[in-house]
Amino acid sequence: MTILARHAILLRMVGDAGLQPVQIVLNYWEYNARTVANRIDELLRSGVSSLCTFVPWQAVESDISHSLVKFINIAAEKGVNLTLILTPEPGIHFHNSGIPRDLLARPEGIAKQFHDEPVSCVLPPNIFQVPSLFSPEFTKRFSGFLSRVDAMIAEVSRSNPAVSRSVTAMIGGSFWKMYRSAAASGMHSFGGPAGDHSNCASLAFRQRIEQFFSQREFADPSPAAANRWKSRQLEHASRKWFNQHSEEFFRTRSLQCLRRSESCIRTGQMEIHTPEADPAYAYSELLRVISGGNADLGRLSSMVDHAAERMSHAGGNEAPSFVHLTGLGPFRSLADAEKQFLVLKSLILMGSRGGGVLIDDCEWLGLSQLFRARAEALGRTLFDGTLKMRTKALYVVPHLWSAPGKLWNELAAQSGATARIAANPESAALSLDASLLVADPDLIITQDAISRIIEWARGGRLAALPRTALYTESARAMLDQLMSGSGGLDLNIGTTYRIQPADDGRIVLFDVPEHGQLARFTASLLSLAGIPAKCAPSDARLQLVPLDRDDGGLGLFILNSTGRKISADVFFPAEVTVCDMASYFTSQHCPSEDMVAPADRFTLEVPPCGVLPLAVDGLGLDVEERKAAAVSSRVLEQKVTEAAENELPGLAQSEDMGALWN
Amino acid sequence: MELNYDWKSFQRIFIPKKRSSVLANTSISAKAFVVMEGGCAISAYCDGSDVSGWTGKNEDTIRTLAGNRELTFIERPELDSWLASCKDLPHFHSQRRALRRKHGIAGNEGWHFLLDATNSWWGRILPSNYGIFIMLDNNEDNSILAIIRRGELHTFHKPDFPAQKTDRQRHPSELVKFLSDKYAVPVQGLMAKQEDWDCWSSDSNPWRLIAKAVRSSRARMVPLRWPIAIMMSFRAFFGL
């Protein structure tokens, strides 16, 4: 087994609770006890094996008939894997998304985006203003709600052992990503600064930065140095840090509340993106409502792209991302072909990274049986790791939902779906597939962060760090010490940067490039990291999603989100053979009658809202193999050194091990 | 659990699914809406067309790009104020009606015929509180109870009937009586076939078709109240 394969298995073990990529949403409160069992039977007959349900806060508080307990028991009896989603999420079929009305009645409990205006969730059953998750009243009552659900689940699992095997409780990202301006995100899905600016959030911000920047590391070299970090000039950076930190804290606390009663059901984290309820879609939805038209597929599709770019973490693990397609608004107005396109796209982009798609039960059963079978088969292929998206480039930002620096746009444009945004240098430790890490200029870099990044880079990777004022003294000293070592190279390609070797990897310290220099500098970073462009379409309206097959080949999905047929060429860097993915999976190789003669350019015709899956063979894997060899060599060197230290008294690591080794 | 605002049931009955025209006919130029801020487009919408490329452009450029398409420009603060003003309304149906009124779409243009009627002069004749129970294909799961209060849609949901002790099909009058007792309002039931309902919902003069269906016993009013039948006839034959 290769090191990369071992890493992939390790990631799956720690990264998620193992949810199937296709999750059908069956909300228990929409049915009465008499009909819910029939509905589950109907879904089971159609081939569904795992269901999920949102658990609205208000529904639990007013659940005098214990409908949740009954539903859990029915699902367990029928052998269905059931996922309970416990945090308030936008886009669920409950008034105010299930938030108690009195919490939304007080203006001080309402969140405000950076323009100091409330954020609205524009989706049936009602338009409401999103609450502030910093409100003390909210957090107090929310902890009570989680404890109540925890106790309820513990009781059910004690009385019915089947429940602990089949039920998983999940904490989602709640409203944190909703705190964005509809105006800024109308231009670009995650444009502009995100974060709650309500009074209670501002108060929490002031208190938290006082605590954080009073740490010894920020007061170096003198206690007065800590004031620099609290100054107005650095407020944008510290606000981003605060928003990210608060979200992670909220999610970790929520999970702790769920684990209090030691019930034996599984718990985990997930990130739910509901494009229809997102602020980026708010104006489109308003205009659709006014005009009485249909949903804007292009916009929904691009929002799925932007959601897939973001890698969310909580409690040290990656929270798998799911796209939630509701039966409440815009999605319902799409034609079947458009719905199928959006489901497949979400499945490919999210499912290949451990997530998937949540879809309303009525909408799912409304799709053709053939399509459902196809989507389920693709979901299984993604779940068992036969097809997997490898993150090649990581862009580390201080806040996941705020607009990243301009360098990200260029990185995304040049490396496509294989580049992702993460909000924490710790994410790098989990992303062992990546070859390149670029730190955002707004990232506050502490000693811990820099040591993690350098350690990550030493395994044959490239870490690019900007020259900014956001390093602590100890982080800067550590970086300076590394960069002043021998073997460094200073370059100027319009942007000046220094490349410094660090064991098998390299560190790049760069001046933040001017707008006109971004493309050249990014291309240079990708080239240094050994990330080649695998394929490109001649028509920019087509989107290519390359997934790695477990046998070393490539699974290439060509997506056309437009309502017109597109004929275009797809260019590869070398001669390859292609065949239809379905025939490849049927016979485990490309059948000769389906295979096209080897070439580096193929002309294709993609139907409107079409997804064309191709199996591609022949692309060199030199770079991956070199990286795997470097990782393997480093591990071997460490083991040999440890063995030598144990066996040879007097030998210390401080000695020139390189000379001895050679 | 009975929801006060059961949007899925509401959609199923009052917003019949129409197929998107995107794939069917892309040559029709629908009206386009553009949200402007500081002279720049921050969002654009046009049914059936991808106008995402308009964002970031100024009004003149958009007019050039739009060709002969009808354009409506809305300033962001105005749209935000519409949004803020509808947050206190109870449900999405009343909110979207308020939004359309703000935009100058008067009356109930494009609304379902039944909701249009309840919001008309009928309100002066009918009781201040009453319910309309619609059941399609004689299926209790395919039904909705809408409570109207002073001419406005107050709540809507799929009623939760008590479980039956026998396999006997419940008579519609029993269901209507049960609802009338439970919600303490007079309830008018309308039982029809799904295909007829879909046909009426998309017709320009559905009341005439309903009158014919009731007369031929394809649809049933439970109970049959003559004043309501007359009001329906007025609407069917005089458009009132």
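Quick caveat: nothing in here was measured; it's all calculated off a predicted structure.

1. Quick look at the pattern of salt bridges
Moving on, step 1. A full pass over the atoms with the stated rule returns 43 salt bridges over all chains.
Moving on, step 2. Measuring nitrogen to oxygen at the nearest pair gives 2.8 Å for the salt bridge that ties K339 of chain A to E363 of chain A. Here K339 of chain A is found in helix α14 (residues 336-351), whereas its partner E363 of chain A is found in helix α15 (residues 361-366), with 24 residues between them in sequence. By the burial criterion, K339 of chain A is buried, and E363 of chain A matches it.
Moving on, step 3. Where R218 of chain B meets D196 of chain B, a salt bridge forms, and the shortest distance between an N and an O atom there is 2.9 Å. With R218 of chain B in the loop between α10 (206-215) and β8 (220-222) and D196 of chain B in helix α9 (residues 194-201), the pair connects residues that are 22 residues apart, well separated along the chain.
Moving on, step 4. Overall, D196 of chain B belongs to the buried group, its relative accessible area being 11%.

2. Let's talk about the confidence of the model for chain B
Moving on, step 1. Scored by pLDDT, chain B has a mean of 87; 90% of the residues are at 70 or more.
Moving on, step 2. If you check the scores for this complex, the pTM reads 0.90 and the ipTM reads 0.91.

3. Brief notes about the side chain of Q188 of chain B
Residue and element names in this part refer to chain B.
Moving on, step 1. For Q188, the location among the structural elements is in strand β7 (residues 187-192).
Moving on, step 2. The class of Q188 is buried, set by a relative accessible area of 10%.
Moving on, step 3. In this structure the side chain of Q188 is engaged in a polar contact, spanning 3.0 Å, whose partner is the backbone oxygen of P223.
Moving on, step 4. Looking at Q188, its side chain comes within polar contact range of the side chain of R225, at 3.0 Å.
Moving on, step 5. Other than its neighbours up to four places away in sequence, Q188 contacts G131, I132, F133, M221, V222, P223, R225 and I228.

4. So, the interface of chain A and chain B
Moving on, step 1. Each partner contributes residues to the interface: chain A has 55 residues there, and chain B has 52 residues.
Moving on, step 2. At the boundary of chain A with chain B, total buried surface from both sides reaches about 4800 Å², with 59% on carbon and sulfur atoms.
Moving on, step 3. Along the contact surface separating chain A from chain B lie 3 salt bridges.
Moving on, step 4. With a shortest N-O distance of 3.2 Å, E117 of chain A and R76 of chain B are connected by a salt bridge.
Moving on, step 5. Connecting chain A to chain B are 18 residue pairs in polar contact (both at pLDDT 80 or more).

5. A short note on the pairing of strand β14 (residues 393-396) of chain A
Residues and elements named next belong to chain A.
Moving on, step 1. Side chains A393 and Y395 project from β14 onto one buried face, and the interleaved L394 and V396 project onto a second face that is buried too.
Moving on, step 2. Judged from the 4 bridges that link them, β14 and strand β15 (residues 419-422) form a sheet pairing that is parallel. Residue pairing across strands places V396 opposite A422, the latter belonging to β15.
Moving on, step 3. Chirality of the crossover, the property in question, places the unit of β14, helix α17 (residues 406-415) and β15 among those that are right-handed.
Moving on, step 4. Strand direction decides the pairing type here: β14 and strand β16 (residues 436-439), joined by 4 bridges, are parallel. Looking at β16, one finds that V396 is bridged to A439.

6. Topic: the packing of aromatic side chains
Residues and elements named next belong to chain A.
Moving on, step 1. Counted under the stated rule, the structure contains 39 aromatic pairs over all chains.
Moving on, step 2. Consider the rings of F212 and F218, whose centres lie 4.9 Å apart with planes at 50 degrees: the pair is tilted. The exposure classification of F212 matches that of F218, with both residues buried.
Moving on, step 3. Arranged with centres 5.9 Å apart and planes meeting at 50 degrees, the rings of Y395 and W408 form a pair that is tilted. Residue Y395 is found in strand β14, and its partner W408 is found in helix α17; the two are separated by 13 residues along the sequence. Each member of the pair Y395 and W408 is classed as buried.
Moving on, step 4. Grouping aromatic residues by their ring pairs yields a cluster made of W57, F134, F138, F142, F145, W176, Y179, F205, F242 and F250.
Moving on, step 5. A cation over an aromatic ring shows up here: R180 above the ring of F190, its NZ or CZ 4.2 Å from the ring centre.

7. Describing the sheet that holds strand β1 (residues 32-37) of chain B
Moving on, step 1. Sheet architecture is open: 3 strands sit in the order β2-β1-β3 (chain B), paired in mixed fashion. Of all strands in the sheet, those bounded by a partner on one side alone are β2 (40-46) and β3 (71-75) of chain B. Across the sheet, the mean angle separating the axes of adjacent strands is 25 degrees when strand polarity is ignored.
Moving on, step 2. Strand direction decides the pairing type here: β1 of chain B and β3 of chain B, joined by 5 bridges, are parallel. Directly across from F33 of chain B, in β3 of chain B, lies its bridge partner T72 of chain B.
Moving on, step 3. Sitting on the sheet, helix α12 (residues 279-291) of chain A is in contact with β1, β2 and β3 of chain B, with an inclination near 45 degrees to β2 of chain B.

Rules used throughout
- Residues numbered from 1 in each chain as written.
- Chains lettered and ligands numbered in written order.
- Predicted model: local features only at pLDDT ≥ 70, side-chain atom pairs only at ≥ 80, totals over all residues.
- Heavy atoms only, no water.
- Salt bridge = Lys/Arg side-chain N within 4 Å of Asp/Glu carboxyl O.
- Helix = DSSP H or I, 4+ residues; strand = E, 2+ residues; numbered from the N terminus.
- Buried < 20%, exposed > 50% of the residue type's maximum accessible area, 1.4 Å probe, protein only.
- pLDDT = per-residue confidence, 0-100.
- Polar contact = N/O pair within 3.5 Å; in protein donor to acceptor, adjacent residues only side chain to side chain.
- Contact = heavy atoms within 4.5 Å.
- Buried area = accessible area lost by both parts, 1.4 Å probe.
- Pairing = 2+ DSSP bridges.
- Right-handed = clockwise from strand over helix to strand, strands pointing away.
- Phe/Tyr/Trp six-rings, centres within 6.5 Å; stacked < 30°, edge-to-face > 60°.
- Lys NZ or Arg CZ within 6 Å of the ring centre and 35° of its normal.
- Axes fitted to C-alpha atoms, helices over the stretch in contact; angles between N-to-C directions.

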